[in-house]
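Each chain, written out:
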Amino acid sequence: MKLYWVKTRWFVKKFFGGFIWNVARKRKKVYLTFDDGPIPEVTPWVLNVLQQHDIKATFFCIGDNIQKHPDVFQRVIQEGHAVGNHTFNHLNGWNTDDETYLQNTEKCQQAIIQHKPEGTRLFRPPYGKMSRKQASAMRHKGFKLIMWDVLSADFDQTITPEACLKNVINNVENGSIIIFHDSLKAQQNMQYALPRVIEYLKKENYRIGLLPY
């Protein structure tokens, strides 16, 4: 049984008002984001596709992966993409005590700072799950809590690559924040869908850019 929404419902956005779910709808512009990297088997492929189309995206990185694959992370930065904090160990905030969770986010921040001295002020909670206290603490530190408007569900190995593609093109609109994953689990669906999503967005005259935060 599917336990997620491809298109984030309006009442979820209203209830979790301190999070950023989409950008203003006035402009025909959308925002590609990638979670869970950097992974040497996947992230360079994503970077090659983005480079081919002259597109910038935002990568929400796991600190442990940054430490394991610093060369891949460095390439993300060098090619002008934005990076965000995704905790050091991909923690589920609902299942983690607040102190441990916040320490883990700081550990990820330090991994980012080793390559990008100014760090990042973008944060996305793994699984989209964090407590109110965790969220309040991260905002107090100056982080923007970035969620999503359209979930590709590329991580779902029970759906076809074609379904992954349709998840995006059937739900995208002005200001959408779209999630893909540069992970091994999502690789098959993402590698099919991403180039076709980009082609569709360009055909429909959407601009694709960096998050304005």
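Right above here is the structure, for reference.
In this report, the structure presented in the accompanying data block is examined. (Residues numbered from 1 in each chain as written. Predicted model: local features only at pLDDT ≥ 70, side-chain atom pairs only at ≥ 80, totals over all residues. Heavy atoms only, no water.)

**Some thoughts on the overall build of the protein**
Argument step 1. Along its length, the protein carries 8 helices and 8 strands.
Argument step 2. Radius of gyration (C-alpha) of the protein: 16 Å, near the 17 Å computed for a compact globule of 213 residues.
Argument step 3. For the protein, the spread of C-alpha atoms along the principal axes amounts to about 45 × 40 × 35 Å.
Argument step 4. The proportion of buried residues among the 213 residues of the protein is 55%. (Helix = DSSP H or I, 4+ residues; strand = E, 2+ residues; numbered from the N terminus. Rg over C-alpha atoms; globule rule 2.2 N^0.38 Å. Buried < 20%, exposed > 50% of the residue type's maximum accessible area, 1.4 Å probe, protein only.)

**Brief notes about the pairing of strand β1 (residues 29-35)**
Argument step 1. The buried fraction of β1 is high, at 7 of 7 residues.
Argument step 2. Neither face of β1 is open: one carries K29, Y31, T33 and D35, the other V30, L32 and F34, and all of them are buried.
Argument step 3. Pairing geometry for β1 and strand β7 (residues 177-181), over 5 bridges, is parallel. Each residue of the ladder has a partner; that of D35, found in β7, is H181.
Argument step 4. One ladder, built from 3 bridges, connects β1 with strand β2 (residues 58-61); its direction is parallel. Pairing of D35 across the sheet is with F60, part of β2.
Argument step 5. Each parallel crossover has a hand, and for β1 linked through helix α2 (residues 43-53) to β2 it is right-handed. (Pairing = 2+ DSSP bridges. Right-handed = clockwise from strand over helix to strand, strands pointing away.)

**What to know about the nonpolar core**
Argument step 1. Among the nonpolar cores identified, the biggest contains 37 residues, and L32, F34, L50, F59, F180 and L194 are the most heavily contacted of them.
Argument step 2. For this core, the elements supplying multiple residues, two or more each, are β1, α2, β2, α4 (70-78), α5 (98-113), α7 (161-169), β7 and α8 (187-203).
Argument step 3. Here the element with the most residues in this core is α8; it accounts for 6 residues.
Argument step 4. Beyond its immediate chain neighbours, meaning those up to four positions away, L32 contacts L50, I55, A57, T58, I178, F180, L194, I198, I208 and G209.
Argument step 5. Core analysis: the next-biggest nonpolar cluster, separate from the first, contains 19 residues, L91, M138, W148 and I179 among them. (Core = buried A, V, L, I, M, F, W, Y, C linked by side-chain atoms within 4.5 Å. Contact = heavy atoms within 4.5 Å.)

**A closer look at the packing of aromatic side chains**
Argument step 1. Counted under the stated rule, the structure contains 11 aromatic pairs.
Argument step 2. Aromatic pair F15 and F16: ring centres 5.0 Å apart, planes at 80°, arrangement edge-to-face.
Argument step 3. Classification of F15 as exposed rests on a relative accessible area of 54%.
Argument step 4. Among the residues examined, F16 registers a relative accessible area of 31% and is labelled partly exposed.
Argument step 5. Judged by centre distance (6.0 Å) and plane angle (20°), the ring pair of F34 and F180 falls under stacked. Here F34 is found in strand β1, whereas its partner F180 is found in strand β7, with 146 residues between them in sequence. Comparing F34 with F180 shows no difference in burial state: the two are buried.
Argument step 6. Chaining the aromatic ring pairs together yields one cluster made of F15, F16, F19, W21 and W148. (Phe/Tyr/Trp six-rings, centres within 6.5 Å; stacked < 30°, edge-to-face > 60°.)

**Topic: the layout of surface pockets**
Argument step 1. As a volume, the largest pocket reaches approximately 850 Å³.
Argument step 2. Around the largest pocket, the lining comprises 28 residues; the ones closest to its centre are Y4, Y127, G128, K129 and W148.
Argument step 3. Class assignment for the residues of the lining of the largest pocket results in 17 nonpolar, 6 polar and 5 charged. (1 Å grid on protein atoms, 1.4 Å probe; cavity = no way out; pocket = protein on both sides within 12 Å on 5 of 7 lines; lining within 4 Å. Points joined across faces, edges and corners; volume = space filled by probe spheres on them. Nonpolar A, V, L, I, M, F, W, Y, C, P; charged D, E, K, R; others polar.)

**A closer look at the pairing of strand β3 (residues 82-85)**
Side-chain direction in a regular strand flips from residue to residue, so the side chains alternate between the two faces of the sheet.
Argument step 1. The alternating pattern of β3 places A82 and G84 and V83 and N85 on opposite faces, both of which are buried.
Argument step 2. Judged from the 4 bridges that link them, β2 and β3 form a sheet pairing that is parallel. The partner of F59 across the bridge, within β3, is V83.

**Some remarks on helix α6 (residues 132-140)**
Helical geometry note: an α-helix holds 3.6 residues per turn, so side chains three or four residues apart project in the same direction.
Argument step 1. Within the sequence span of α6, burial applies to Q134, A135 and M138. In a view along the axis of α6, the buried residues occupy a sector of 100°, so they form one face of it. Opposite its buried face, α6 presents the exposed residues R132, K133 and H140, each directed more than 90 degrees away.
Argument step 2. Taken together, the buried residues of α6 touch α5, β4 (122-123) and β5 (144-145).
Argument step 3. Just downstream of α6, G142 is the residue with a positive phi angle, here 100°. (Arc of directions from axis to C-beta.)

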